[in-house]
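Next come the chains, spelled out residue by residue.
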Amino acid sequence: MIDLGLNKNATRMLTGFIMGTVVMSCIILGDFALLLLLLFMLVVGSKEYVRMLNHKGFYPSLKVIYITEAILATVVYFKRFDLVGITLTICAMASFMWVLFRGRQPYIANVATTLLGMVYCGWFPLHLIFLRDLSCAKYDSGLGFVVLMFMSILLTDVGCYYIGTKFGKNKLAPVISPNKTIEGSIGGMFFAIIGAMIIGLYIGLQWYLALIAGILCTVFAQIGDLCESLIKRDAGVKDSGTSLPGHGGFLDRTDSFVLTIPIMYYFCKCFIFHTEWITTLTNWLKDLL
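A brief structural summary. (Residues numbered from 1 in each chain as written. Predicted model: local features only at pLDDT ≥ 70, side-chain atom pairs only at ≥ 80, totals over all residues. Heavy atoms only, no water.)

**Things to note about the overall build of the chain**
Rule in force here: Only DSSP runs of H or I covering at least 4 residues are called helices, and only runs of E covering at least 2 are called strands; the numbering of each starts at the N terminus. The reference for a compact globule is 2.2 Å times residues^0.38; the radius of gyration itself is calculated from the C-alpha atoms. For every residue, the accessible area (1.4 Å probe, protein chains only) is compared with the maximum for its type, and the residue is labelled buried under 20%, exposed over 50%, or partly exposed between those bounds. To be clear on the numbers: accessible area is Shrake-Rupley with a 1.4 Å probe, and residue cover counts the displayed protein chains and nothing else.
Helix and strand counts for the chain stand at 11 helices and two strands. Written out in order from the N terminus, the α and β elements of the chain read α-α-α-α-α-α-α-β-β-α-α-α-α. Taken over C-alpha atoms, the radius of gyration comes to 20 Å for the chain, in line with the 19 Å a tight globule of 289 residues would show. With respect to the principal axes defined by its C-alpha atoms, the chain has extents near 60 × 50 × 40 Å. Out of the 289 residues belonging to the chain, those deemed buried represent 44%. Carbon and sulfur atoms form 70% of the exposed surface of the chain, whose accessible area is close to 15,500 Å².

As structure tokens, this is what we get:
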């Protein structure tokens with residue numbers, strides 16, 4: 001880890017500011033800048049993921065994960081949704097063949113962790129491009145919804161930490177993450193929903209859709225955090241890495257986003273940007289009744 005010559009809190013704040021500035025700049029620019037940002041994060045995150053699994057004695061193929069992520073990133077960037085299924089299918093087969101002929105014991109675990117790495121470190125985060133590129137007559141792009149998601153997740157972290165520190169008594173997941181409390185979780189949800197409602201008002205989103213978006217973001221942000229804690233706990237490591245001074249590894253800082261990004265994308269796509277299916281379903285139910 002890089003030594004910045006600062007105390008822990010100052011280092012953490014400086015790293016967070018720089019990281020936040022770079023990430024938001026790439027999101028605002030979109031297109032190739034966002035693709036480059038995601039590729040960098042996928043490469044670093046996948047490497048941290050494999051190192052954690054190595055610590056437990058599993059050996060997922062980092063090469064297969066990288067190849068899969070590169071192909072998926074290309075498919076996503078050029079919006080060839082029709083190629084996603086065949087890409088995942090062929091790469092899943094490749095993971096079996098790689099472990100079969102080049103793998104190390106235990107074989108089944110190596111295949112399983114390679115497949116998990118493809119999806120967890122690659123396919124899920126790449127949905128950010130889908131979300132950013134959403135458009136319809138009312139909304140020119142999905143940028144406002146990306147900002148809403150980021151604000152909800154950040155406020156979830158703030159609320160969980162502040163309320164949990166002040167009032168936390170009952171453990172949320174004592175085996176996986178003993179420091180998290182139910183009170184902190186509720187506090188994080190409250191902060192996130194308020195933030196989502198404010199951003200929703202600014203971008204012209206109906207209040208009930210902003211409320212649902214805020215709930216989805218805060219719930220899956222906390223689930224994503226617990227999922228990464230599960231991996232670390234099972235692997236016997238404290239942090240996913242030391243890439244970010246004061247924060248640990250990339251996965252430690254992006255775990256809340258991994259599950260939230262695809263959930264937010266599918267919610268926005270189905271209930272905000274493209275609602276024709278709802279009208280069709282409603283008409284069908286009326287005819288049926």
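**A few points about the environment of Y202**
Positionally, Y202 belongs in helix α8 (residues 182-203). Classification of Y202 by relative accessible area gives exposed; the value is 73%.

**Considering unusual backbone geometry**
Most of the time, phi is negative for any residue but glycine, and the peptide bond is trans. Positive phi is not limited to glycine here, since D31 has a value of about 50 degrees. Along the chain, the position of D31 falls in helix α2 (residues 31-56). By relative accessible area, which is 54% here, D31 ends up exposed. One non-glycine residue with positive phi stands out, namely K79, at about 60 degrees. By secondary structure assignment, the location of K79 is in the loop between α3 (62-77) and α4 (84-102). On the basis of relative accessibility, which here comes to 43%, the residue K79 falls in the partly exposed class.

**Here's the deal with the packing of aromatic side chains**
Just so we agree on the cut-off: Centre distance within 6.5 Å is the pairing criterion for rings of Phe, Tyr and Trp, where only the six-membered ring of Trp is used; planes under 30 degrees apart are then read as stacked, over 60 as edge-to-face, and the remainder as tilted.
Within the structure shown, the criterion is met by 14 aromatic pairs. Here F81 and F130 contribute two aromatic rings whose centre-to-centre distance is 5.1 Å and whose plane-to-plane angle is 50 degrees, an arrangement assigned as tilted. In this pair, F81 is assigned in the loop between α3 and α4 and F130 in helix α6 (residues 127-132), connecting sequence segments 49 residues apart. Aromatic side chains W123 and F130 sit 6.0 Å apart centroid to centroid with 75 degrees between the ring planes, which places their arrangement in the edge-to-face category.

**Concerning the side chain of T156**
For T156, the position within the fold is in helix α7 (residues 143-167). Here T156 falls in the buried class, since its relative accessible area comes to 2%.

**Considering the nonpolar core**
Heads up, the rule is: In this description, a nonpolar core means a group of buried Ala, Val, Leu, Ile, Met, Phe, Trp, Tyr and Cys residues linked to one another through side-chain atoms lying within 4.5 Å. We call two residues in contact when some of their heavy atoms are within 4.5 Å.
Grouped together as the largest cluster of nonpolar side chains are 46 residues, with contacts concentrated most on L128, L131, F145, M149, M264, C268 and I272. Within the residue set of this core, elements represented by two or more residues are α1 (8-29), α2, α3, α6, α7, α8, α9 (207-235) and α10 (250-273). Per-element tally for this core: the top contributor is α10, with nine residues. Look past the residues within four positions of I272 in its chain and what remains in contact with it is Y139, F145, L205, L209 and F267. L53, I65, C121 and L251 belong to the second-largest nonpolar core, a separate cluster that totals 12 residues.

**Considering α7**
Filter applied, for reference: A helix's residues, less one, multiplied by 1.5 Å, set its expected span.
With 25 residues, α7 should cover 36 Å at 1.5 Å per step; its first-to-last C-alpha distance of 35 Å lies within 8% of that length. Turning to α7, its buried residues number three or more, namely G144, F145, V146, L148, M149, F150, S152, I153, T156, G159, I163 and G164.

**Structural notes on α3**
The criterion, for reference: Regarding the arc, it is the one traced by the directions from the helix axis to the C-beta atoms.
Given a rise of 1.5 Å per residue, 16 residues ought to cover 22 Å, and the 22 Å separating the end C-alpha atoms of α3 matches this to within 8%. Buried within α3 are the following residues: V64, I65, T68, E69, L72, A73, V75 and V76. Relative to the axis of α3, the buried residues are bounded by an arc of 165 degrees and lie together on one face. In α3, the exposed positions angled more than 90 degrees off the buried face are occupied by K63 and I67. For α3, the elements touching its buried residues are α2, α4, α5 (107-123) and α6.

**Brief notes about the pattern of salt bridges**
Which entries qualify depends on this criterion: Here, a salt bridge means any side-chain nitrogen of Lys or Arg that lies within 4 Å of a carboxyl oxygen of Asp or Glu.
Applying the stated criterion to the full structure yields six salt bridges. When the shortest N-O distance is used, the salt bridge between K79 and D133 registers 3.2 Å. Here D133 lies in the loop between α6 and α7 and K79 lies in the loop between α3 and α4, a separation of 54 residues in the sequence. Given the relative accessible area of 33%, D133 is considered partly exposed. Here R80 and D82 are joined by a salt bridge, their closest N and O atoms 2.8 Å apart. A relative accessible area of 53% means that D82 is categorised as exposed.

**Section: the pairing of strand β2 (residues 177-181)**
To be explicit about the condition: Between any two strands, at least two bridges found by DSSP are needed for them to pair.
Inspection of the sheet shows strand β1 (residues 171-173) paired to β2 by two bridges, in the antiparallel sense. Across the sheet, the residue bridging to K171 is T181, located in β2. Once β1 ends, the chain turns through three residues before running back antiparallel as β2.

As far as function goes, none of this settles anything; it's purely spatial.
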